[in-house]
Amino acid sequence: MCGITGWLDWERDLRGQQQTVRAMTDTLACRGPDAGGTWFSARAALGHRRLAVIDLQGGVQPLTDAAPEQTPQAVLAYNGELYNYRELRAELQSLGHEFRTRSDTEVVLHAHLQWGADAPRRLNGIYAYAIWDTRVQELTLVRDRLGVKPLYYHAHATGLFFGSEPKAVLANPGFRAELDTEGIAELFALPAAPTAGHGLFRGLREVRPGHLLKVTRGATREVRYWQLHSEAHTDDAAATTARIRQLLTDTVERQMLSDVPLCTLLSGGIDSSAITALASLARARAGHDKVDTFSVDFPGSADALRPDNWRTTHDAPYVQAVVDHLGTRHSQVVLPDDDLLEARDMVLRARDRPGWGEMDASLYLLFREVRRQSTVALSGEAADEVFGGYPYFHNPDGLAATTFPWLHGRETPAVLLRPEVRAAVRPEEYTAQQYRDSLAETPELPGEEGSRRRLRQVGHLALTRWMPPLLDRVDRVSMAVGLEVRVPFCDHRLVEYAWNIPWELKSLGGTPKGILREAVRDLLPPQVVDRPKSGYPSTPAVRYTEVLTARMNDLLADAAAPVFDLVDREVVRDAVRHGRPLPSPRTAPNPVGGLDHLLQVDEWLRAYKVGLR
């Protein structure tokens, strides 16, 4: 995987801005530790950092279709993996295109030359890319269907800046780090379900999943090239199960294509275990060795577990059952609190925004350890959104609520805002409007009513509001250590098929994700197939809480702490003094999630010199 950035300007000659563009590119070195490059013309400049995965020698970027001494038709900066590039390459060759490399990047370039804005509809993969078409002086920014790969941009009076991460845009002196009322609402009222396309900083946007942006002189046009369509599902249970198995098998096989070491992330849940089992079968068919697997744990976590709706069982016994059953080469990564505290401070720079504290830190440390042995990892992420596995899908009160179901019955950090800030931001109104807008985008099925209709709405909210921040977290934390994480459950063919499966069939046998469990039942031990949903683990040790509490007390004593320009200092002080948990940005229970969030907001405001508007 890689990092891309660039600058388009209709008035300034960018050939004189090489130092700035290289600085923008250098911010993404962690995403692409293997190589870097830039390309310049008067109107457009592109930068690229490369993590070499396919065609290690030939995939140098930015890529053009011409020899160095010739003027190219198009220039591409590409971040992603294309899983059907071999088929597309053969089709393009039959149409007269000639290739100089084995890379999927060159296939994307020629697909654009052949099909233009229709090219993304032919791609199967995870990607974010920029193409400057010299023939028509047009910049096209494209993001994959589910938004696995990020792509940010800032439009200004004479053009725009863009990058895989905000830090690339922030490296351009033409962009200032500022937070306005919308950004404050995103940060405090909707931290678990940010608005599609909102980049948090004032004036920063994301290319939305399944969209492309076409920029010409005097016009910027957003085009939606993919969306879900609702239609009647006619397959019975047996045919549905078989189709899911077929799609998953094909997807995993495609996503195992790599010229560098590959592994799977294994939690012992049905999602990651299914991916690991299918990966093991694919390797065996190809005559290759065992699959490498990795899991995460914390000292004393088994004894400290207190089951709830989000965290039901300890991972380790189920992980071991899968390892024994499939014969994988397994590594368990155990994370002590001191390591978490150290990594917590690193992750803020990886994410460019306040994140989820300890949850991000542990993922960073896991990925860092994985990267010592592998460059690519397959993940079970997104299965709960696709097949309806989260607790809020099964909570009648949450389903009946007139808001995002995961917000029902809980406070958000917005309750901590100072009265004058709260009056300006109006977080309740902002949340209600975002909910209405999101609900209106649901592709309804004519004649569908009652609980079926509501569950379709919630499924769409899960895919478009809940899943994107989880995918962003995985991308940013993994790329911070140069690890590429692939997500087979985000294959658009699987998502399109699962979207129309009726709820009673998705929950076959009255079990969450019952149809998925049935599709892989023959591959895994029964206790793993039937294991209830159990979320990502957190540390049980008290030291993490003690250190954060001490840091918060220091912050409360700091008269110049910028977070208290937004948050009511006395409300926070009273909660800390009486040991009451502060509202957390996370939906899953976490006693220190609120502390983590406020501390990170303060650290972010300082480190990024964020101005308040």
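Above: the structure in question.
This section reports on the structure supplied with the text. (Residues numbered from 1 in each chain as written. Predicted model: local features only at pLDDT ≥ 70, side-chain atom pairs only at ≥ 80, totals over all residues. Heavy atoms only, no water.)

A word on the pairing of strand E7 (residues 138-143)
And step 1. In terms of residue burial, E7 counts as a mostly covered element, since six of its six residues are buried.
And step 2. Residue alternation in E7 divides its side chains into two sets, Glu138, Thr140 and Val142 and Leu139, Leu141 and Arg143, and both sets are buried.
And step 3. Bridge count between strand E6 (residues 125-133) and E7: six bridges; the pairing is antiparallel. Note that in E7 the partner of alanine 128 across the bridge is arginine 143.
And step 4. Here E6 hands over to E7 after four residues, with glutamine 137 in that stretch at a positive phi of 55°.
And step 5. For E7 and strand E12 (residues 211-216), the ladder comprises four bridges, and the chain directions are antiparallel. Note on E12: the bridge partner recorded for leucine 139 is valine 215. (Buried < 20%, exposed > 50% of the residue type's maximum accessible area, 1.4 Å probe, protein only. Helix = DSSP H or I, 4+ residues; strand = E, 2+ residues; numbered from the N terminus. Pairing = 2+ DSSP bridges.)

Brief notes about the environment of asparagine 84
And step 1. Its location among the elements puts asparagine 84 in the loop between strand E5 (74-82) and helix H2 (85-94).
And step 2. Leaving out residues up to four positions away in the same chain, asparagine 84 has contacts with Arg122, Leu123, Asn124 and Arg254.
And step 3. From its side chain, asparagine 84 meets the backbone nitrogen of asparagine 124 in a polar contact 3.1 Å long. (Contact = heavy atoms within 4.5 Å. Polar contact = N/O pair within 3.5 Å; in protein donor to acceptor, adjacent residues only side chain to side chain.)

Some remarks on the packing of helix H10 (residues 337-351) against helix H11 (residues 358-371)
And step 1. Packing of H10 against H11 leaves a shortest axis separation of 8 Å and a crossing angle of 95°. By the angle class used here, H10 and H11 are roughly perpendicular. Contacts between H10 and H11 pair Asp339, Leu340, Ala343, Arg344, Met346, Val347 and Arg351 from the former with Glu358, Asp360, Ala361, Ser362, Tyr364, Leu365 and Arg368 from the latter.
And step 2. Residues belonging to the contact of H10 with H11 are distributed by class as follows: seven nonpolar, one polar and six charged. (Axes fitted to C-alpha atoms, helices over the stretch in contact; angles between N-to-C directions. Parallel < 35°, antiparallel > 145°, perpendicular 65-115°, else oblique. Nonpolar A, V, L, I, M, F, W, Y, C, P; charged D, E, K, R; others polar.)

Description of the side chain of glutamate 178
And step 1. Tracing the chain through its elements places glutamate 178 in strand E10 (residues 178-179).
And step 2. Under the relative-accessibility criterion, glutamate 178 is labelled buried at 7%.
And step 3. In this structure, glutamate 178 is in contact with Leu200, Phe201, Arg202, Val610, Gly611 and Arg613, ignoring residues within four places of it in sequence.

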